Amino acid sequence: MSRLRTDFASFVRHTWFPLCIEDGAHKPKTVAFYEDTVRNIIDYFQGYYLQKIQGMDLQKFMAYLRTERGFGPQYVQHHDRTLRRIFAFAQKQGLIPKNPMDTVEKPKLPKHQVDALSEEEARIFFSALESCPLDFRCLLYLMLTTGLRRGECLGLQWRDVDTAHVLLRVERHVTHTTAQGTVVSSPKTTASVRAVPLLGSMLSLLCQLRTQQQKSFPDVVLEESFLFHGQAGPFSPRDPDAVTRRVKRFMKRHGLPDLSPHDLRHSCATLLLGSGADIKSVQEILGHTNASTTLNFYVRPDPKQMRAAANKMAEAFRL
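Residues numbered from 1 in each chain as written. Predicted model: local features only at pLDDT ≥ 70, side-chain atom pairs only at ≥ 80, totals over all residues. Heavy atoms only, no water.

**Brief notes about the packing of aromatic side chains**
Part 1: Tallying each qualifying case throughout the model produces 17 aromatic pairs.
Part 2: Measuring from ring centre to ring centre gives 4.8 Å for Tyr44 and Phe45, while their planes differ by 70°; the resulting arrangement is edge-to-face.
Part 3: For the ring pair Phe45 and Phe61, a centre distance of 5.3 Å and an interplane angle of 55° mean the geometry is tilted. Here Phe45, found in the loop between helix H2 (28-44) and helix H3 (55-67), pairs with Phe61, found in helix H3; they are 16 residues apart in sequence, far enough to count as distant. Phe61 matches Phe45 in its accessibility class, with the two residues each being buried.
Part 4: Every member of this aromatic cluster is reached through a ring pair, and the members are Phe8, Tyr44, Phe45, Tyr48, Phe61, Tyr64 and Phe87.
Part 5: Sitting above the plane of the Phe17 ring, Arg13 keeps its charged end 5.3 Å from the centroid. (Phe/Tyr/Trp six-rings, centres within 6.5 Å; stacked < 30°, edge-to-face > 60°. Helix = DSSP H or I, 4+ residues; strand = E, 2+ residues; numbered from the N terminus. Buried < 20%, exposed > 50% of the residue type's maximum accessible area, 1.4 Å probe, protein only. Lys NZ or Arg CZ within 6 Å of the ring centre and 35° of its normal.)

In C-alpha cells, the structure reads:
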C-alpha cells in the first residue's frame, strides 16, 4: 500500500471526475459546479501523490481558501464535501488505507437569515405587476404565489396546466451552463415532481397568456410549447440568467428589496406560513423532501407571530 504512487491531480481529473461526476447521473449545472471546485483543488495539490496527502495538508488548504482566496463559508464547505468524496472513492478502490479528510474539521456555516418580502412589500409587488407585459407578469405572479424555482417556471409547458383541477404539474427544470447553454432536464429531486395548486387569479392570467400566444403563433399546437419561451420561438426554453437580471431590475424600479427569483420562493413560504398554512402543506407546495428544509431554510422568524404564539400560551394558562 505504501509503495503506491498515484498522481493526485491526474486521479481526480481522469478517474474520479469521469466516474463519479460525469457519470450521467448529475445535471449539467452540477457537473459545471464540480468542475469549478475541482479546478481549485487540482491547482493547489498539483505535484502531490494521492497517498502522501495528510489531514494537515487538507486543513491548510481549507485555511488557504478562506484567507488567501477569500472564499465565503458556503463555498469552502463545497470544497470540503468534494474532497471527502474524492478520498472516500480512493479508499473504496484500495488506493489509500483511510480517508485523510476524517481528521479535518468540517467548516461551519453561519446561520443565514433568508431574504424575503414582508407582507407590505408583497402588496407593493402585486400592485406593480399591473404595469408589466403579460408574460413577465405571469412569471412573477407564479413565483410568488406557488414558490416554484426559477428553472421549474421556465420548464413549464401548456400541457402542465390543469384547468379542470386548477393545478400546475411540475415535471421539468431549465438550467444554463457556459458549456451546454440552456438545457431542459428533470426537476431537482424526486419530491420536486409535483402538482401545485393555482390561485383562481393565477389561472385567469395564464388563460390570457395562452390566448395571446395562440394569436402570436396561430399555426402552432401549444400543448408542448413553453409558457415562458425563449426568443427562438415557443419550443425554445428561456435563459434563466436573463430572467434573474430582469427580476432584479423590476425590484429596483419599484423600490423593493434586491431579491432574486429564489428569494421570491423564500417569500412564498414565509407568506404562506404567515397566513396560517401548515408546514406539511408548504413542504409539498415547495417540493421539499423533508419538512426540516422548509423550517430551517425557507422560513424567517416573524415577531408578530412569535408574540401571538406567546399570548396564546398566556391565555391558555391564564398567565
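**Looking at the pattern of salt bridges**
Part 1: For the structure shown, the criterion picks out 15 salt bridges.
Part 2: Here Arg39 ties to Asp36 by a salt bridge, and the two come within 3.2 Å at their closest N and O atoms. Here Asp36 and Arg39 lie together in helix H2, a separation of 3 residues that amounts to about one turn.
Part 3: Between Arg169 and Glu171 there is a salt bridge, with its nearest N and O atoms 4.0 Å apart.
Part 4: A relative accessible area of 38% places Glu171 in the partly exposed class. (Salt bridge = Lys/Arg side-chain N within 4 Å of Asp/Glu carboxyl O.)

**Looking at H2**
Part 1: With 17 residues, H2 should reach 24 Å at 1.5 Å per residue; the first-to-last C-alpha distance of 25 Å fits that figure.
Part 2: Among the residues of H2, Pro28, Val31, Tyr34, Thr37, Val38, Asn40, Ile41 and Ile42 are the ones counted as buried.
Part 3: On its buried face, H2 is in contact with helix H1 (8-21), H3, helix H4 (73-92), strand S3 (173-177) and strand S4 (181-185). (Expected span 1.5 Å × (residues − 1). Contact = heavy atoms within 4.5 Å.)

**A look at the sheet that holds strand S2 (residues 167-170)**
Hydrogen bonds along the backbone pair up the strands of a sheet, which may run parallel or antiparallel.
Part 1: The 3 strands lie next to each other as S1-S2-S5, forming an open sheet whose pairing is antiparallel. For this open sheet the edge positions go to strand S1 (161-162) and strand S5 (194-197), each flanked by a neighbour on one side alone.
Part 2: The sheet contact formed by S1 and S2 spans 2 bridges and is antiparallel. From the neighbouring strand, Val161 faces S2, where its bridge partner is Leu168. (Pairing = 2+ DSSP bridges.)

**Thoughts on the environment of Leu286**
Part 1: Its place among the elements puts Leu286 in helix H11 (residues 279-286).
Part 2: Measuring from C-alpha to C-alpha, the distance between Leu286 and Pro110 comes to 24 Å, with 176 residues separating the pair along the chain.

**Describing helix H9 (residues 240-253)**
One turn of an α-helix holds 3.6 residues; hence residues three or four places apart share an orientation.
Part 1: The terminal C-alpha atoms of H9, which comprises 14 residues, lie 20 Å apart, in line with the 20 Å expected from a rise of 1.5 Å per residue.
Part 2: Buried residues of H9: Pro240, Val243, Thr244, Val247, Phe250 and Met251, and no others. The arc enclosing the buried residues of H9, seen along the axis, measures out at 125°, which places them on a common side. The outward face of H9, more than 90 degrees from its buried face, is lined by the exposed residues Lys252 and Arg253. (Arc of directions from axis to C-beta.)

**Here's the deal with the packing of H3 against H4**
Axis angle and axis distance: for two packed helices, these are the angle between their axes and the distance between the axes, and together they describe the pair.
Part 1: Following both chains from N to C, one finds H3 and H4 inclined at 155°, their axes separated by 10 Å at the closest point. The angle between H3 and H4 falls in the class roughly antiparallel. For the crossing formed where H3 meets H4, the hand is right-handed. Across from Leu58, Phe61, Met62, Leu65 and Arg66 in H3, the residues of H4 making contact are Val76, His79, Asp80, Leu83 and Phe87. (Axes fitted to C-alpha atoms, helices over the stretch in contact; angles between N-to-C directions. Parallel < 35°, antiparallel > 145°, perpendicular 65-115°, else oblique. Left-handed = near helix turned anticlockwise from the far one by under 90°.)

**Some remarks on unusual backbone geometry**
Part 1: Of note, the phi angle at Val166 is positive, near 55°, even though the residue is not glycine.
Part 2: Within the secondary structure, Val166 is located in the loop between S1 and S2.

**Some words on the pairing of S5**
Part 1: Burial along S5 is one-sided: the face carrying Arg194 and Val196 is buried and the face carrying Ala195 and Pro197 is not.
Part 2: Relative to S5, S2 runs antiparallel, the two being bridged by 4 bridges. If you follow Val170 over to S5, its bridge partner there is Arg194.

**Describing the pairing of S3**
Part 1: The element S3 is largely enclosed, with a buried count of 4 among its 5 residues.
Part 2: As defined by bridge partners, S3 adjoins S4 across 5 bridges and the pair is classed as antiparallel. Bridge pairing links His173 to Ser185 in S4.
Part 3: Connecting S3 to the antiparallel partner S4 that follows it, the hairpin turn spans 3 residues.

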